[in-house]
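# Tertiary structure, described
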Amino acid sequence: MMRRISFAAMGMVVAFGLAACSGSGAGDDETTGTGSGDAGDTLVGVAMPTETSERWIADGDAVKKGLEDAGYQVDLQYAADDIPTQQQQIDQMITKGADLLIVASIDGTALANQLQAAADQGIPVIAYDRLIRDTENVDFYVTFDNYNVGVQQATSLLVGLGILNEDGSEGSAAGPFNIELFAGSLDDNNAHFFFKGAMDTLQPYLDNGTLVVKSGQVEIEQVATLRWLQETAQKRMEDLLTSTYGDGSKVNAVLSPYDGISRGIITALQNAGYGPGLDAGLPVVTGQDAEIASVKLINDGVQFSTIFKDTRKLAEQSVVAASSFLAGEEPEANDTESYDNGVKVVPSYLLESDIVYASNIQALLIDSGYWTEEQVASGQA
């Protein structure tokens, strides 16, 4: 069991107010700051990829608040999903004298020069949720168990088709079922973990004919969605329906790795006459991130499932790791084998996720304070 920093000493209980976040974490030293001065003299640069996803806005706000409540100065920047912008923002953070960087990268292979500059000045770098690749100058990684997220997405697809029950037992449906596959952006290392976890779970059912990918598109390079864009996913789903299902056959389920992609897929399916919801023949569509618009769709019987990654815990864990570094210590990892960035295995702290169905929205999302009943009903945060 990992030790953790005393949040009472850091003021983070007030910052997060989450009994649900009381799991183990990295480090147990109660000292904040760099060890040579006040925490208030310490600047942390936080680089987030975009404000087009509510998830990243929430992450940025939570990390900033946690760091500020711990006494640090924070430079939070969003890069509008533009790689040169993020590179420039990180360069500016280094120039301004950042003592530590927390980076959720747009392209995990595009920051080698910035991270070398950070290393040259002794600035620790924490990769936030997305692994930074092809550099030795990333010191720690905080994320969820991304392979397991893919397993959960595929499992929820099987549940939606009736092949499995929600408790994991075998269901009564035998198939064959037509499915199509979507993956995230190839430049995001997580997309590969999600897809591998999903495909490892689905492969036995593909092998025995219970599931059929009618388009034949089963490689991640064929099914990837650049920048995770909803519009790109909608266009690809429209093309699949035209090219593969013009013979009158039907798609029964779609593996989607992210709620924005899911909503694009659902729009394409509804426009093609598949019905407004699951009860009317809309295919099972999975998702990820428990975005409020998709939680409403699940509650309304339109989208079938999503994966809840409690980003409050991720933000908390990044502050724990940052505080360890700034106190002159090494954060404690709970995984030192899984995340090879092409140059080194990056010590990591992995958090667990949950499958959200209509049946457990109350328990997972509302009772935990992540969303309110009113937000779920309206689909707006």
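Residues numbered from 1 in each chain as written. Predicted model: local features only at pLDDT ≥ 70, side-chain atom pairs only at ≥ 80, totals over all residues. Heavy atoms only, no water.

### Remarks on empty space enclosed by the protein
- Under the definition given, this model contains one cavity of 30 Å³ or more.
- Taken as a whole, the largest cavity holds about 40 Å³ of empty space.
- Lining the largest cavity are Gln 153, Phe 182, Ala 183, Gly 184, Ala 191, Phe 194, Phe 195, Ala 198, Leu 255 and Pro 257.
- Looking at the lining of the largest cavity element by element, the count peaks at four residues for helix H7 (residues 189–207).
- Partitioning the lining of the largest cavity into residue classes produces eight nonpolar, two polar and no charged. (1 Å grid on protein atoms, 1.4 Å probe; cavity = no way out; pocket = protein on both sides within 12 Å on 5 of 7 lines; lining within 4 Å. Points joined across faces, edges and corners; volume = space filled by probe spheres on them. Helix = DSSP H or I, 4+ residues; strand = E, 2+ residues; numbered from the N terminus. Nonpolar A, V, L, I, M, F, W, Y, C, P; charged D, E, K, R; others polar.)

### Brief notes about the side chain of Glu 291
- Positionally, Glu 291 belongs in the loop between strand E9 (284–285) and helix H11 (292–299).
- Here Tyr 258 takes part through its side chain, which lies 3.0 Å from a polar atom of the side chain of Glu 291.
- Here the side chain of Glu 291 touches Arg 263 through a polar contact of 2.9 Å, side chain to side chain.
- Once residues within four sequence positions are removed from consideration, Glu 291 is found in contact with Ser 53, Glu 54, Arg 55, Tyr 258, Asp 259, Gly 260, Arg 263 and Trp 371. (Polar contact = N/O pair within 3.5 Å; in protein donor to acceptor, adjacent residues only side chain to side chain. Contact = heavy atoms within 4.5 Å.)

### Topic: the pattern of salt bridges
- For the structure on display, the rule yields 15 salt bridges.
- For Arg 55, the salt bridge is made with Asp 289, and the minimal N-O distance between the two is 3.9 Å. Here Arg 55, found in helix H3 (residues 54–69), pairs with Asp 289, found in the loop between E9 and H11; they are 234 residues apart in sequence, far enough to count as distant.
- Among the residues examined, Arg 55 registers a relative accessible area of 6% and is labelled buried.
- Taking the shortest distance from any N to any O, the salt bridge between Asp 129 and Lys 309 comes out at 3.8 Å. Of the two residues, Asp 129 sits in the loop between strand E4 (125–128) and strand E5 (140–144) while Lys 309 sits in the loop between strand E10 (306–308) and helix H12 (311–326), which places them 180 residues apart along the sequence.
- Given a relative accessible area of 2%, Asp 129 falls into the buried group.
- Among the residues examined, Lys 309 registers a relative accessible area of 2% and is labelled buried.
- Here the salt bridges share partners, and the residues they tie into one network are Arg 55, Asp 59, Asp 129, Asp 289 and Lys 309. (Salt bridge = Lys/Arg side-chain N within 4 Å of Asp/Glu carboxyl O. Buried < 20%, exposed > 50% of the residue type's maximum accessible area, 1.4 Å probe, protein only.)

### What to know about the nonpolar core
- One finds Ile 179, Leu 202 and Leu 269 to be the most contacted residues of the largest nonpolar core, which totals 49 residues.
- For this core, the leading source of residues is H7, giving seven residues.
- Among residues more than four places away in sequence, those in contact with Leu 202 are Ala 154, Leu 157, Leu 158, Ile 179, Leu 181, Leu 211 and Leu 255. (Core = buried A, V, L, I, M, F, W, Y, C linked by side-chain atoms within 4.5 Å.)

By themselves, these observations are geometric and do not establish any function.
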